[in-house]
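Inside the fold
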Amino acid sequence: MKLQRKNRRALALGVLAVSGALALTACGSDNNSGGGAKSSGTSAAAAPGSIKCGDAKGQLQASGSSAQKNAIDAWTTAFGGACKGVQINYNPTGSGAGITAFLQGQTAFAGSDSPLKPEEITQSSKVCSGGQAIDLPMVGGPIAVGFNVPGVDSLVLDPSTLAKIFDGKITNWNDQAIKKLNPSAKLPDLKIQAFHRSDESGTTDNFTKYLIATAKSDWPYSGGKAWQAKGGQSAQGSSGLAQQVKQTSGAISYFELSYAADGIKTVDLKTGASTPAKATVENATKAIASAKVTGTGKDLSLKLNYQPTEAGAYPLTLVTYEIACDKGNKAATLPAVKAFLSYIASEDGQKQLTGASYAPIPDEIISKVRTTIEGLS
């Protein structure tokens, strides 16, 4: 009889974990109005018993990065199925808004596609009693450059040309610079419709960091979460940009690969390698593997390599961080924070990412994340 109950429990947990994986393809709004992204493939389910609940209980409020929303959907479903006493509410408000809410003490942790600024770490001492906020890299992936050009299925761009397009210096799809990179493509005489984020976004920050690192002379801006170039058109969130590309002839924009669904084509980027790099999870992982930890103490912020030379390495990547207090977490939420972050950093949690067009964090880095989470207090 005990064996039957044990088998039924294992089966139930397995079904709940698979439900979490399916949430990656079924959910994915990056704003409050819905309009989800779709992912390709099926992510791995959490193994029964791999989620350790400990003393976790109550509601956990979190917000921030829309880029990781599809992953959060799956993780919270699997975690909630195993830890019945915990409800995790993640609001994909964008990285900037997520950090603001955390620093105001409104959330237990935040998601951000850019690491904390020094002044934000200083400010965090107000909510992290006796400690400070730290960056925990948890989700990696490529930023795809999606395009909608009638009659063109494949497109190669280099950093200079990409910068000039988004700065309004190249305005037509049959421009000579684009033709030179795509000699066999039938490029139409069509106006380029470049779309950027209207909200403060870590995706914008990473996209412009790439342009600064690879085409500084053609991108004369300092970068950051807010879009700085003049002209172009804007839309809210990654799902908004993807929708504009899908419905607008001549459109081009940038968003996480998980949003490049429903037939949206993506640009191959010219790098130092002999052939252009395609926007795939595997190619992003190659680039992220060369990132360096630059944070001090328990902070694990990374410096990404935007100019990889390895064949296939896709240079336009981002890493989403979970931001939490190293010390001074609220006693009421600390057990749930540690339990949830421990799960998503675990081998089973990271396995959820690949099937949803995200890249797991390389082993050398994620092992440090696990150790750091264990020491949260």
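Before reading further, recall that the structure is shown in the block above.
Once a new chain begins, its residue numbering starts again from 1 and follows that chain's sequence as written. Local features in a predicted model are, by the rule used here, given only for residues with pLDDT of at least 70; side-chain atom pairs are given and counted only at 80 or more, and totals for whole chains, interfaces and linings are based on all residues. As a rule here, side-chain values cover all heavy atoms of the structure and leave hydrogens and water aside.

**Thoughts on the packing of helix α2 (residues 69–82) against helix α10 (residues 334–345)**
Note on geometry: axes are lines fitted to C-alpha atoms, helical ones only across the stretch in contact, with angles between N-to-C directions running from 0 to 180 degrees. Where helices and strands are cited, they refer to DSSP runs of H or I of at least four residues and of E of at least two residues respectively, numbered from the N terminus. The contact between α2 and α10 brings their axes to 11 Å, and the two run at 120°. Classified by the interaxial angle, the pair formed by α2 and α10 is oblique. Remark: the crossing between α2 and α10 carries right-handed chirality. Two secondary-structure elements touch here, α2 through I72, W75, T76, A78 and F79 and α10 through A339, F340, Y343 and I344. Residues of the contact of α2 with α10, tallied by class, amount to 8 nonpolar, 1 polar and no charged. Under this scheme an angle from 65 to 115 degrees is roughly perpendicular, one under 35 degrees roughly parallel, and one over 145 degrees roughly antiparallel; angles in between are oblique. Whether a crossing is left-handed or right-handed is set by the direction in which the near helix is turned from the far one by less than a right angle, anticlockwise for left-handed and clockwise for right-handed. Residues are treated as being in contact if the distance between any of their heavy atoms lies within 4.5 Å. Nonpolar residues are Ala, Val, Leu, Ile, Met, Phe, Trp, Tyr, Cys and Pro. Charged residues are Asp, Glu, Lys and Arg, and all others, Gly as well, are polar.

**Observations regarding the environment of I344**
By the element assignment, I344 lies in helix α10. Taking the C-alpha atoms as reference points, I344 and I72, 272 residues apart in sequence, are found 8.9 Å from one another. The contacts of I344, once residues within four sequence positions are left out, are W75, M138, E322, G349 and Q350.

**Digging into helix α12 (residues 363–374)**
What a helix is expected to span follows from its residue count: subtract one and scale by 1.5 Å. With 12 residues, α12 should reach 16 Å at 1.5 Å per residue; the first-to-last C-alpha distance of 17 Å fits that figure. Along its buried surface, α12 packs onto β4 (133–148), β12 (302–303), α10 and α11 (347–354).

**A few points about helix α9 (residues 281–288)**
Each residue is assigned to one of three classes by its accessible area relative to the maximum for its type, calculated with a 1.4 Å probe on protein chains only: buried under 20%, partly exposed between the two thresholds, exposed over 50%. Here α9 has its buried residues at V281, N283, A284, A287 and I288. Take α9 and look down its axis: the buried residues cluster within an arc of 160°, on one side only. On its buried face, α9 sits against β4, β13 (317–325) and α11. This arc is taken over the directions from the axis of the helix to the C-beta atoms.

**Here we look at the packing of α2 against α11**
Packed helices, taken two at a time, are described by their axes: the angle between them and the distance between them. At their nearest, the axes of α2 and α11 sit 10 Å apart, and the two run at 140° to each other. Relative to α11, the element α2 is oriented oblique. Once α2 is placed against α11, the crossing between them reads as right-handed. Here α2 contributes A71, A74, W75 and A78 to the contact with α11, which in turn contributes G349, Q350, Q352 and L353. Looking at the contact of α2 with α11 residue by residue, the classes come out as 5 nonpolar, 3 polar and no charged.

**Examining the pairing of β4**
Along a regular strand, successive side chains alternate from one face of the sheet to the other. The buried fraction of β4 amounts to 15 of the 16 residues, a majority that puts the element mostly inside the structure. With 9 bridges connecting them, β4 and β13 associate as antiparallel partners. Note on β13: the bridge partner recorded for P137 is Y321. We call two strands paired when DSSP finds no fewer than two bridges between them. Looking at chain direction, β4 and strand β8 (residues 251–256) are connected through 6 bridges and run antiparallel.

**Structural notes on the environment of Q236**
As for its placement among the helices and strands, Q236 is situated in the loop between β7 (233–235) and α8 (237–247). On the basis of relative accessible area, Q236 is assigned to the partly exposed category, the value being 40%. In sequence terms Q236 and R197 are 39 residues apart; their C-alpha atoms lie 5.8 Å from each other.

**A short note on the packing of aromatic side chains**
Any two rings among Phe, Tyr and Trp, with Trp reduced to its six-membered ring, count as a pair given centres within 6.5 Å; such a pair is stacked if its planes are under 30 degrees apart, edge-to-face if over 60, and tilted if neither. According to the stated counting rule, one finds 12 aromatic pairs in the structure shown. Between F79 and Y343, the aromatic rings sit 6.5 Å apart at their centres with planes inclined by 25°, giving stacked as the arrangement. In this pair, F79 sits in helix α2 while Y343 sits in helix α10, placing the two residues 264 residues apart along the sequence. Residue F79 is classed as buried on the basis of its relative accessible area, which comes to 1%. Among the residues examined, Y343 registers a relative accessible area of 2% and is labelled buried. An aromatic cluster of three or more residues is present, and its members are F166, F207, W219, Y221, W227 and Y254.

**A look at the pattern of salt bridges**
Salt bridge, as used here, is a side-chain nitrogen of Lys or Arg placed within 4 Å of a carboxyl oxygen of Asp or Glu. Applying the stated criterion to the full structure yields 8 salt bridges. Residue D167 pairs with K169 through a salt bridge whose shortest N-O separation is 2.9 Å. On the basis of relative accessibility, which here comes to 58%, the residue K169 falls in the exposed class. Note that D262 and K246 form a salt bridge whose closest N and O atoms lie 3.3 Å from each other. Taken together, the residues D262 in the loop between β8 and β9 (265–266) and K246 in helix α8 connect sequence positions 16 residues apart.

**Description of the state of the cysteines**
Any pair of cysteine sulfurs within 2.5 Å is marked as a disulfide. For the coordinates displayed, the defined rule picks out 2 disulfides. A sulfur-sulfur distance of 2.1 Å marks the disulfide that ties C53 to C83. Because the sign of the S-S torsion sets the handedness, a value of about -95° for the bond joining C53 and C83 places this disulfide among the left-handed ones. With C53 in the loop between α1 (2–26) and β1 (58–64) and C83 in the loop between α2 and β2 (86–91), the pair connects residues that are 30 residues apart, well separated along the chain. Taking the relative accessible area as the measure of exposure, C53 reaches 21% and is therefore partly exposed. Each sulfur in the disulfide pair C128 and C325 lies 2.0 Å from the other. Given an S-S torsion of about -70°, the disulfide between C128 and C325 has left-handed geometry. Highlighted residues: C128 in the loop between α4 (118–123) and β4 and C325 in strand β13, separated in sequence by 197 residues. Residue C128 shares its accessibility class with C325, and that shared class is buried. Taking only the cysteines that form disulfides and numbering them from first to last, the chain has the pattern 1-2, 3-4.

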